[in-house]
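Next come the chains, spelled out residue by residue.
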Amino acid sequence: MAKILVSACLLGCKVRYNGSDLKPSNNDFNWLIKNHEIVSFCPEVSAGLAIPRVPAEIQCGVGQDVLSGNANVLNSDGLNLTDKFLLGAQLALQKCKQENIEFAVLTEYSPSCGSNSIYNGDFSAKKKVGNGVTTAMLKKHNVQVYSQHQVHLLQLALNKEC
Ligand code: SF4
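Residues numbered from 1 in each chain as written. Predicted model: local features only at pLDDT ≥ 70, side-chain atom pairs only at ≥ 80, totals over all residues. Heavy atoms only, no water.

Caption draft 1: View of the packing of helix α4 (residues 82–98) against helix α5 (residues 133–140). Taken N-terminus to C-terminus, the directions of α4 and α5 make an angle of 40°; their axes are 8 Å apart at the nearest point. Looking at the two axes, α4 sits oblique to α5. Between α4 and α5 lies a crossing whose hand is right-handed. For the pair α4 and α5, the contacting residues are Phe85, Leu86, Gly88, Ala89, Gln90, Ala92, Leu93 and Cys96 in the first and Val133, Thr134, Met137 and Leu138 in the second. (Axes fitted to C-alpha atoms, helices over the stretch in contact; angles between N-to-C directions. Helix = DSSP H or I, 4+ residues; strand = E, 2+ residues; numbered from the N terminus. Parallel < 35°, antiparallel > 145°, perpendicular 65-115°, else oblique. Left-handed = near helix turned anticlockwise from the far one by under 90°. Contact = heavy atoms within 4.5 Å.)

Written out as structure tokens, the structure is:
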């Protein structure tokens, strides 16, 4: 049984910017919950951001650019939240190290948790290819990150490890 870090909002916790969750209900996700040790984590709330909160997006870059100091995370009021997003990413990595976690399932499109696409920075609901800040941090330290739509790929990766 592998230990998997999972975005808290995917587990029914109402921690998203608008106070909602995003719990999937499909066979793959149910398999994940039933067959593995799940560690729930929300980088943004762990970093001290409130629920609800004004939405934030990465401006002019993706998660790796935020890690390298070449892009910022601003909310739709123009407040710079880069430090909070970096703290959330560091806390997620710390959690993985403490608990020997090598796999994560994180919420697609989030500026923290997205792993294939994220919102493009103009608050228009358009997306761009790239990782969120936490995903970039975890991948940099060899944690394998999947979205909630890729649990079947995680399943294949775990089967290979057996
Ligand atoms: S930071 Fe991640 S876990 Fe927290 S609400 Fe956003 S997508 Fe969900």
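Having seen the model, we can carry on.
Caption draft 2: Representation of the nonpolar core within the structure. By size, the foremost hydrophobic cluster in this structure holds 26 residues, and its most contacted members are Leu5 and Leu138. Secondary structure elements with two or more residues in this core: β2 (37–41), β3 (56–59), α4, β5 (103–106) and α5. Sorting elements by how many residues they give to this core places α4 first, with 5 residues. Non-local contacts of Leu5, meaning those with residues more than four positions away in its chain, are made with Val39, Phe41, Lys95, Cys96, Ile101, Phe103, Ala104, Val105, Leu106 and Leu138. (Core = buried A, V, L, I, M, F, W, Y, C linked by side-chain atoms within 4.5 Å. Buried < 20%, exposed > 50% of the residue type's maximum accessible area, 1.4 Å probe, protein only.)

Caption draft 3: Region of interest: the packing of aromatic side chains. Evaluation of the coordinates by the stated rule reveals 1 aromatic pair. When the centroid spacing of 6.0 Å and the interplanar angle of 50° are considered together, the rings of Tyr109 and Tyr119 count as tilted. In this pair, Tyr109 is assigned in the loop between β5 and β6 (117–119) and Tyr119 in strand β6, connecting sequence segments 10 residues apart. Relative accessible area serves as the criterion here: at 31%, Tyr109 is assigned to the partly exposed category. (Phe/Tyr/Trp six-rings, centres within 6.5 Å; stacked < 30°, edge-to-face > 60°.)

Caption draft 4: Geometry of the pairing of β2. Sheet topology note: the strand β1 (residues 3–7)/β2 ladder contains 5 bridges and is parallel. Bridged to Leu5 within β2 is Val39. As a crossover connection, the stretch from β1 through helix α1 (residues 27–35) into β2 is right-handed. (Pairing = 2+ DSSP bridges. Right-handed = clockwise from strand over helix to strand, strands pointing away.)

Caption draft 5: Region of the structure containing the sheet that holds strand β8 (residues 144–147). Spatially, the 4 strands line up as an open sheet ordered β2-β1-β5-β8, and their pairing is parallel. Strands with a single pairing partner mark the edges of an open sheet, and in this sheet they are β2 and β8. Within this sheet the neighbouring strands show an average axis-to-axis angle of 25°, counted without direction. Alignment of β5 against β8, held across 4 bridges, turns out to be parallel. When the sheet's bridge partners are listed, Phe103 is paired in β8 with Gln144. Packed onto the sheet, helix α6 (residues 151–161) meets β1, β5 and β8 and runs at close to 175° relative to β5.

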